[in-house]
Amino acid sequence: MRRTLRNPVAGTGADIASKMAGADSDDSLYPIAVLIDELRNEDVQLRLNSIKKLSTIALALGVERTRTELLPFLTDTIYDEDEVLLALAEQLGNFTMLVGGPEYVHCLLPPLESLATVEETVVRDKAVESLRKISHEHSPVDLEVHFEPLVKRLASGDWFTSRTSACGLFSVCYPRVSSTVKAEIRQHFRTLCSDDTPMVRRAAASKLGEFAKVLELEYVKSDIISLFTALASDEQDSVRLLAVEAGVSIATLLPQEDLEALVMPTLRQAAEDKSWRVRYMVADKFSDLQKAVGPEITKNDLVPAFQNLLKDCEAEVRAAAANKVKEFCENLPEDSRETIIMTHILPCVKELVSDTNQHVKSALASVIMGLSTILGKDNTIEHLLPLFLAQLKDECPEVRLNIISNLDCVNEVIGIRQLSQSLLPAIVELAEDAKWRVRLAIIEYMPLLAGQLGVEFFDEKLNSLCMAWLVDHVYAIREAATCNLMKLVEKFGAEWAQNTIVPKVLGMANDPNYLHRMTTLFCINALSEVCGQDITTKHMLPVVLKMSNDQVANVRFNVAKSLQKIGPVLDSSCLQAEVKPVLEKLATDQDMDVKYFAQEAISVLSLA
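Residues numbered from 1 in each chain as written. Predicted model: local features only at pLDDT ≥ 70, side-chain atom pairs only at ≥ 80, totals over all residues. Heavy atoms only, no water.

S.K.: Residue-level account of the packing of helix α14 (residues 237-253) against helix α18 (residues 286-310), with values.
M.R.: Running from N to C, α14 and α18 cross one another at 25°; their axes reach a closest spacing of 8 Å. As summarised for this structure, α14 and α18 are arranged roughly parallel, according to the angle between their axes. Crossing hand, α14 versus α18: left-handed. Contacts between α14 and α18 involve V248, A251 and T252 from the first element and D288, L289, A292 and V293 from the second. Broken down by class, the residue content of the contact of α14 with α18 amounts to 5 nonpolar, 1 polar and 1 charged. (Axes fitted to C-alpha atoms, helices over the stretch in contact; angles between N-to-C directions. Helix = DSSP H or I, 4+ residues; strand = E, 2+ residues; numbered from the N terminus. Parallel < 35°, antiparallel > 145°, perpendicular 65-115°, else oblique. Left-handed = near helix turned anticlockwise from the far one by under 90°. Contact = heavy atoms within 4.5 Å. Nonpolar A, V, L, I, M, F, W, Y, C, P; charged D, E, K, R; others polar.)

S.K.: Mind laying out helix α3 (residues 44-52), listing which residues take part and the relevant values?
M.R.: Think of an α-helix as 3.6 residues a turn; residues three or four steps apart then line up on the same face. Buried residues of α3: R47, L48, S50 and I51, and no others. Down the axis of α3, the buried side of the element spans an arc of 165°, and every buried residue falls inside it. (Buried < 20%, exposed > 50% of the residue type's maximum accessible area, 1.4 Å probe, protein only. Arc of directions from axis to C-beta.)

S.K.: Describe the nonpolar core, naming the residues involved and giving the relevant values.
M.R.: Judged by nonpolar contacts, the single largest core of 216 residues is most densely connected at I250, V325, I345, I368 and L563. With residues up to four places along the chain from it excluded, the contact list for I368 reads V349, V353, L387, F388, Q391 and I403. (Core = buried A, V, L, I, M, F, W, Y, C linked by side-chain atoms within 4.5 Å.)

S.K.: Could you give an account of the packing of aromatic side chains, naming the residues involved and the relevant values?
M.R.: For the coordinates displayed, the defined rule picks out 12 aromatic pairs. Geometrically, the ring pair formed by Y174 and F211 is edge-to-face, given 5.6 Å between the ring centres and 85° between the ring planes. Of this pair, Y174 sits in the loop between α10 (170-173) and α11 (179-193) while F211 is found in helix α12 (residues 198-214), placing the two residues 37 residues apart along the sequence. Relative accessible area serves as the criterion here: at 2%, F211 is assigned to the buried category. Members of the aromatic cluster, joined through ring pairs, are F170, Y174, F189 and F211. Here R67 stacks its cationic end above the ring of Y104, 3.6 Å away from the centre of that ring. Between K561 and the ring centre of F597, over which it is positioned, the NZ or CZ distance is 4.9 Å. (Phe/Tyr/Trp six-rings, centres within 6.5 Å; stacked < 30°, edge-to-face > 60°. Lys NZ or Arg CZ within 6 Å of the ring centre and 35° of its normal.)

S.K.: Would you mind going over the UniProt feature "domain: Phosphatase 2A Regulatory Subunit A helical" (unreviewed entry) in the protein in detail, with residue names and values included?
M.R.: As annotated by UniProt and renumbered to match this structure, "domain: Phosphatase 2A Regulatory Subunit A helical" (unreviewed entry) occupies residues 108-289. Here residues 108-289 is 79% helix and 0% strand, with 39 Å between the C-alpha atoms at its ends. (UniProt positions renumbered as here; feature names shortened; annotations may be inferred.)

S.K.: I'd like a description of the confidence of the model for the protein, backed by residues and values.
M.R.: Summing up the model confidence of the protein, the mean pLDDT is 82 and the portion of residues at 70 or higher is 93%. Across residues 1-26, where pLDDT falls below 50, the model places 52 contacts with residues more than four positions away in sequence or in other chains. (pLDDT = per-residue confidence, 0-100.)

S.K.: So, the side chain of T380: which residues are in play, and what are the values?
M.R.: Summarising the element assignment, T380 is placed in helix α23 (residues 371-392). Looking at T380, its side chain comes within polar contact range of the main-chain oxygen of S372, at 3.4 Å. Look past the residues within four positions of T380 in its chain and what remains in contact with it is S372, L385, F388, V410, V413 and I414. (Polar contact = N/O pair within 3.5 Å; in protein donor to acceptor, adjacent residues only side chain to side chain.)

S.K.: Explain the environment of T197 residue by residue, including any values.
M.R.: Mapping T197 onto the fold places it in the loop between α11 and α12. With a relative accessible area of 17%, T197 lands in the buried category. Measuring from C-alpha to C-alpha, the distance between T197 and F160 comes to 7.0 Å, with 37 residues separating the pair along the chain. With sequence-adjacent residues up to four places away left out, T197 is seen in contact with F160 and R163. Within polar-contact distance, the side chain of T197 engages the side chain of R163 at 3.2 Å.

S.K.: How would you sum up α11? Please name residues and give values.
M.R.: Counted at 1.5 Å a residue, the expected span for α11 with its 15 residues is 21 Å, and the 21 Å between its end C-alpha atoms agrees. Here α11 has its buried residues at V181, K182, I185, R186, F189, L192 and C193. Buried residues of α11, viewed axially, fall in a sector of 145°; they line one side. Next to the buried residues of α11 lie α8 (140-155), α9 (160-167), α10, α12 and α13 (217-232). (Expected span 1.5 Å × (residues − 1).)

S.K.: Which residues make up the environment of L86, and what values do they have?
M.R.: By the secondary structure assignment, L86 is in helix α5 (residues 82-92). Once the C-alpha coordinates of L86 and L115 are considered, the two residues, 29 residues apart in sequence, prove to be 8.5 Å apart. Setting aside chain neighbours within four positions, we find L86 in contact with V122, V123 and K126.

S.K.: Got a sec to walk through the packing of helix α35 (residues 553-566) against helix α37 (residues 592-604)? Specific residues and values, please.
M.R.: Remark: α35 packs on α37, axes separated minimally by 8 Å, with the N-to-C direction vectors making an angle of 10°. On the basis of their axis angle, the class for α35 and α37 is roughly parallel. Taken together, the residues of α37 that come into contact with α35 (itself represented by A553, R556, F557, A560, K561 and Q564) are D593, V594, F597, A598, E600, A601 and V604. Among the residues making up the contact of α35 with α37, the classes are represented as 8 nonpolar, 1 polar and 4 charged.

S.K.: Describe the pattern of salt bridges, listing the residues and the values that go with them.
M.R.: Taken as a whole and judged by the stated rule, the model has 21 salt bridges. Its salt-bridge partner being D223, residue R190 comes within 2.5 Å of it at the nearest N-O pair. Of this pair, R190 sits in helix α11 while D223 sits in helix α13, and the two are 33 residues apart along the sequence. Relative accessible area serves as the criterion here: at 29%, R190 is assigned to the partly exposed category. Residues joined in a network through salt bridges with shared partners are E148, K152 and E184. (Salt bridge = Lys/Arg side-chain N within 4 Å of Asp/Glu carboxyl O.)

Put into structure tokens, the structure is as follows:
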């Protein structure tokens, strides 16, 4: 059964506006009447619009009428469309000043309480978010008189929806109430942690860590630990996995000597849980857990647990653990870091490099390069480089990208020469691969690689590759190569372009293959803006103008398109003297397409 807000009351917006305005109503309230009418309209969009303008209505009515008339009207008349309720829940969270400030903020509680009990989760969550927001604006007295009774009503509601909402409100009112009320709040939270409905236990588990943070340490030990243990062994895995997250928060609150006895047995059990979702959560939160428990427990407990997670039978768990490899290794105690990595972690990492699941390999590739800075030059060359090479040749493009994206941290450790001898041949091999999609992937990494390797190294080793792609037989490669040149110029600057790139590009204008001549035009389009006016006017424009006499119509109409593209870079005298005559000539061309594009360029550049 669906809990909704009450049915709409009779009467039009104009009636209500006139009631709200009093007997001497005037035309100034007419727009408000329209908005109120829209609140009751059958069209959801109109109702939504009106809700979003609630603050306007409230401002026009003033604080007293907002409290005594608008809020009851809203509570009574809103339809139960989820979108509308969601917007209302959000608006009410910002209504404090519109009802007269913190002194009257409790007037917002009745409509938000109703919204916190509806069936749709997003509406409830938004209502709880707004309640949490306005709770801070209650004085301690108002909190006990108005807010805390609301939390109790929700916590003991018949519907699970209200009980789940209550879970999110305990932590915001607990710190500011008297000790008697605190005891009641703890009791209500305990009750909800053992509620019959899994959804309620789930909500309680998700807020357990947050609630623990506002409790006094004695109650963390006496109340929270037992609740944590119970939730972590709940029959529902969706509850158990949320308890893991709470366990990490609780571990940060307890003194070191209590951790082993109170928290670790439960977390050990979670790391070996029969449900992969729970093990996934342990892997996902592993770095936070490691920081919370400190170096001794890390060495004795977490290292073996981490090994098991890296070897887990479920790919999702292995991927989550692989993601944490670098972070875990960084946070190991310094005195034993290298030994632990070399003897316990690296063997598992070697297995993951050839994992059957691409998500696992990809997750590992995104962090594995970071190990080089931890292990130093010799270990990197001996143990890690072979793994990087294997991943660089992986069939999955994401794995290759993740390796290339992180080359800079290996470069810092082993130096560019060593890097070029080992990894660069693999990159060149991929750049010349027979499959065009592999070539395309490498082109996309090229600007990244260039930025990491520097201009001299790039010119020596990779520049010729980039130029070769411009005459590839696949159009997608030529197009990507053009875009790549633009990105390289952005990295290395216009002077580098003028000396290195531009002469080679312009040389292709005389190529016997018309497709390559067109590539020259595409390159000029891409480079004109990054190279600037001087290089474009002196070097590129003469080539484009000369190509307007090309035998092939496709080249000629691309000349018109190029002139339109580079026109904004040129100054007006150059446009008038050099570009305009050529476009006018092309506008009388025998080919329809050439004519069309020439006329379009004349119009766009305002040369008519």
